[in-house]
Amino acid sequence: MKLQNWIESHWYADNPGPLKRLLPLENYYCKQVEKRHQAYAEGKKPSYRAPVPVIVVGNISVGGSGKSPVVASLARYLQRQGYQPGIISRGYGSKARSYPFRVEKDSNPKEAGDEPLMLARQTNLPVAIDPKRPRAAQLLIDEGCDLLIADDGLQHLALQRDIELVIIDGARGLGNGHCLPVGPLREPPQRLNTVDWVLCQGELQHPLEVEPVFYHLEQTGWRRGDGLWQSASPFDPNQRVHALAGIGNPQRFFDQLSEQGLQVIPHPLPDHAPMNAQTLDLPGNDPVIITAKDAVKLGPWLHQRHWVVEVEAKLPDDFLKALSQKLNSTL
């Protein structure tokens, strides 16, 4: 964790500092990324064209940027437009008995992965995972899905797509602007010029070369560990709370709670970190607040001390209308 924090402190600084020594490795990495794109573009590597529209929601940086809430909101919106959408994912960290794996609302999180299981529960839509995404796509098409949304997978070029959306965390942006290992980028910043939309969560701290679509996460309710649900915050101002988050940018979660007047004791964990009862063994009797993603793994150990914050991505109407028009043009 200390090494990860040290690396990220330079990834998300104005310049890479001592990581500049790795510039030759970055140059090599970028050349390999370019060769890979060319191989797929020239047909030297096979790719699968699904018989239904495919929307990829991804990012060009390492770690989470808030893709899953956007996937859930898009899926619900497109369902209201008359589509029968399905969600596919690699299923990072999953250990399914076989693939493709159909994720059900009561699936074991160790088999399904935390984000796919969360999406299955939040949307009540078909979700399938497979490291080879075309197989997950075919499974859902066979079930009758007429539109697929890929949670992550921008770099998974073995699956062709009709629309590409890139999610940017406004607080982090593109970091120092360098690719791995000097910076956090999986692809050079110029990749943003080739996607259909760049969606930015929150205020953008550093300008981009493209004009993003801004959206925000809205709290939709609080769920206590014993199942009690309420729409308003259960806490008085200045309430001291433990905040636990194993997501891409835990600090954003902590800041959102602090902005509500809570005295936050932060407990950041790596994205997709394994969790168990000991994870919740925090000192004192102060309430413990966790994310919906982490609640998937911690479900068996939640009780009245624990609260889950449910959020929804609020996407602009103009963007949703433009997306629908582009989808119609692909049919």
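Every chain is numbered independently, its residues counted from 1 as its sequence is written. Residues qualify for local features only when their pLDDT is at least 70, as the model is predicted, and side-chain atom pairs are given and counted only at 80 or more; totals for whole chains, interfaces and linings, by contrast, use all residues. Calculation of side-chain values draws on the structure's entire complement of heavy atoms; hydrogens and water are dropped beforehand.

J.: Requested: an account of unusual backbone geometry, with residues and values cited.
T.: With omega at 0 degrees, the peptide bond leading from Y99 into P100 counts as cis. Tracing the sequence through the fold places P100 in the loop between β2 (85–89) and β3 (101–103). The amide bond that connects L180 to the next residue, P181, takes the cis arrangement and shows omega of 0 degrees. For helices the rule is a DSSP run of H or I covering at least 4 residues; for strands it is a run of E covering at least 2, with both sets numbered from the N terminus onward. Structurally, P181 can be placed in the loop between β6 (163–169) and β7 (197–201). Unlike most non-glycine residues, N238 shows phi in positive territory, near 70 degrees. Relative to the helices and strands, N238 is located in the loop between β9 (229–230) and β10 (240–245). Residue N238 is classed as exposed on the basis of its relative accessible area, which comes to 55%. Three exposure classes are used, based on accessible area relative to the maximum for each residue type with a 1.4 Å probe and protein chains only: buried under 20%, partly exposed in between, and exposed over 50%.

J.: Tell me about the packing of aromatic side chains, and please be specific about residues and values.
T.: In this analysis, rings of Phe, Tyr and Trp, with Trp reduced to its six-membered ring, are considered paired at centre separations within 6.5 Å, and the interplanar angle assigns stacked below 30 degrees, edge-to-face beyond 60, and tilted for intermediate values. Per the stated rule, a full pass over the model turns up 4 aromatic pairs. Both rings, one in F235 and one in W307, keep their centres 6.0 Å apart while their planes meet at 75 degrees; by these two values the pair is edge-to-face. In this pair, F235 sits in the loop between β9 and β10 while W307 sits in strand β13 (residues 306–314), placing the two residues 72 residues apart along the sequence. Judged on exposure class, the residue F235 and its partner W307 are both buried. A connected cluster of aromatic rings, assembled from ring pairs, spans W222, F235 and W307. In this structure, R172 packs its charged tip against the face of Y12, placed 4.5 Å from the ring centre. Placement of a charge over a ring requires the Lys NZ or Arg CZ to be within 6 Å of the ring centre, with the centre-to-atom vector within 35 degrees of the ring normal.

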